[in-house]
Amino acid sequence: MDDSGPEGMPYPFSGLAVAGPMGRSLQDIELLLQVFGKHFPVPQESSTAKRGSRKIAYSMSISKIEPEEDTKSILDKAIGAASEAGAAVVNASPDIDAEELFRDWCTIVGFEYARSLPGYLVTMKLKKFALDLMIFRKLGRGFMRTHLLNGMSASRKAYEAAIDKREEVHRKIDHFFSDYDLWIAPVSPSAALPLELCGRD
């Protein structure tokens, strides 16, 4: 959302903002987490302290899609390093359906986008055309654009059901991390683009 923070955005865009990336290296992320830890301390005793050793989960695929070889190699190195450091490394993942979760996210985003548009776009057909022209068309002709457009015309009942399922996913993730200290998994089935291809040094 450009340089504007969530606190400066009108509803519903404040709920759709994503900040990132957070750093260019692991050292950057370490510094960021130190700042978080200082300003947002966790009062309760950590699960790691209770167990006496770290327990790390890993997944080698995302939504049944195998990542390319470079990503697999990085994951293998991370898993091996964790094991050598004395952590208990287990092949495990939360009990969630990533494809269903993505469809629910598109329902929520499409529904909220449609209701944020000005009143002179009186029909849903006009709203879809406007948002598709401004935003969704940039995503190409794949499933993401299709699901977002479907979300725009979703019923209030379907929207609230998607919200409920999102909350259930939050609970499942919280439960998963009550058993594991860290989850190593690919965030994309493809490797990140080199900065020079994005016009950056």
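Note: the structure precedes this text.
Note that the structure is predicted; figures quoted are calculated from it, not measured.

Reading the values: rules and limits
- Within any chain, residue numbers begin from 1 and follow the written order of that chain's sequence.
- Since the coordinates come from a predicted model, pLDDT governs what is reported: local features require at least 70, and pairs of side-chain atoms require 80 or more to be given and counted, while whole-chain, interface and lining totals use all residues.
- Derived side-chain values reflect all non-hydrogen atoms in the structure, with water molecules and hydrogen atoms excluded from consideration.
- Secondary structure elements are taken from DSSP: a helix is a run of H or I of four residues or more, a strand is a run of E of two residues or more, and numbering for both begins at the N terminus.
- Partly exposed residues are those whose accessible area sits between 20% and 50% of the maximum for their type, while under 20% is buried and over 50% is exposed, using a 1.4 Å probe and protein chains only.
- Whether two residues are in contact is decided by their heavy atoms, any of which lying within 4.5 Å being enough.
- All accessible areas in this document rest on Shrake-Rupley with a 1.4 Å probe, and a residue is counted as covered only by the protein chains that are shown.
- Strands are labelled as partners when DSSP assigns at least two bridges between them.
- Definition used for salt bridges: Asp or Glu carboxyl oxygen within 4 Å of a side-chain nitrogen of Lys or Arg.
- For every element, the axis is a line fit to its C-alpha atoms; helices are fit only across the contacting stretch, and the angle between N-to-C directions ranges from 0 to 180 degrees.
- Expected span, for any helix, means 1.5 Å times one less than how many residues it has.
- In the analysis that follows, any N or O atom pair within 3.5 Å is treated as a polar contact, provided that within protein one partner can donate a hydrogen and the other can accept it, and provided that, for residues neighboring in sequence, both atoms belong to side chains.

J.: Could you give an account of the overall build of the protein, with specific residues and numbers?
T.: A tally of regular secondary structure across the protein gives 7 helices and 3 strands. For the protein, the succession of helices and strands along the chain, N to C, is α-α-β-α-β-α-α-α-α-β. Sorting the 201 residues of the protein into buried and exposed places 23% on the buried side. Considering only contacts in the protein between residues 6 or more positions apart, those separated by 24 or more positions represent 73%. When the accessible surface of the protein is summed, it comes to about 14,400 Å², and 57% of that surface belongs to carbon and sulfur atoms.

J.: Which residues make up the pairing of strand E1 (residues 55-58), and what are the values?
T.: As judged from the 4 bridges shared by E1 and strand E2 (residues 88-91), these two strands associate in the parallel manner. Looking at E2, one finds that Lys55 is bridged to Ala88. Sheet analysis places E1 next to strand E3 (residues 182-184), joined by 3 bridges and oriented parallel. Each bridged residue has a counterpart across the sheet, and for Ala57 the counterpart in E3 is Trp183.

J.: Can you tell me about the pattern of salt bridges, naming the residues and giving the values?
T.: If you walk through the whole model with that rule in mind, you get 4 salt bridges. Here the salt bridges do not stand alone but share partners, grouping Glu100, Asp104 and Lys165 into one network.

J.: Go over the side chain of Thr107, please, and point to the residues and values.
T.: Tracing the sequence through the fold places Thr107 in helix H4 (residues 98-114). Since its relative accessible area comes to 17%, Thr107 is described here as buried. With residues up to four places along the chain from it excluded, the contact list for Thr107 reads Gly151, Ala154, Ala158, Tyr159 and Ala162.

J.: Mind laying out the sheet that holds E2, listing which residues take part and the relevant values?
T.: Spatially, E2-E1-E3 is the arrangement adopted by the 3 strands of the open sheet, whose pairing is parallel. With partners counted over all chains shown, the strands left at the sheet margins are E2 and E3, one partner each. Looking at each pair of strands side by side, their axes are set apart by 30 degrees on average, direction ignored.

J.: Break down H4 for me, with residues and values.
T.: The terminal C-alpha atoms of H4 lie 24 Å apart, and with 17 residues this matches the ideal 24 Å at 1.5 Å per residue to within 8%. Residues of H4 that are buried include every one of Asp104, Cys106, Thr107, Ile108, Val109, Gly110, Phe111, Glu112, Tyr113 and Ala114, and no others. In this structure, the buried side of H4 is in contact with helix H5 (124-134), helix H6 (143-152) and helix H7 (156-176). In this structure Asp97 caps H4, since a side-chain oxygen of it lies 3.1 Å from the backbone nitrogen of Glu99.

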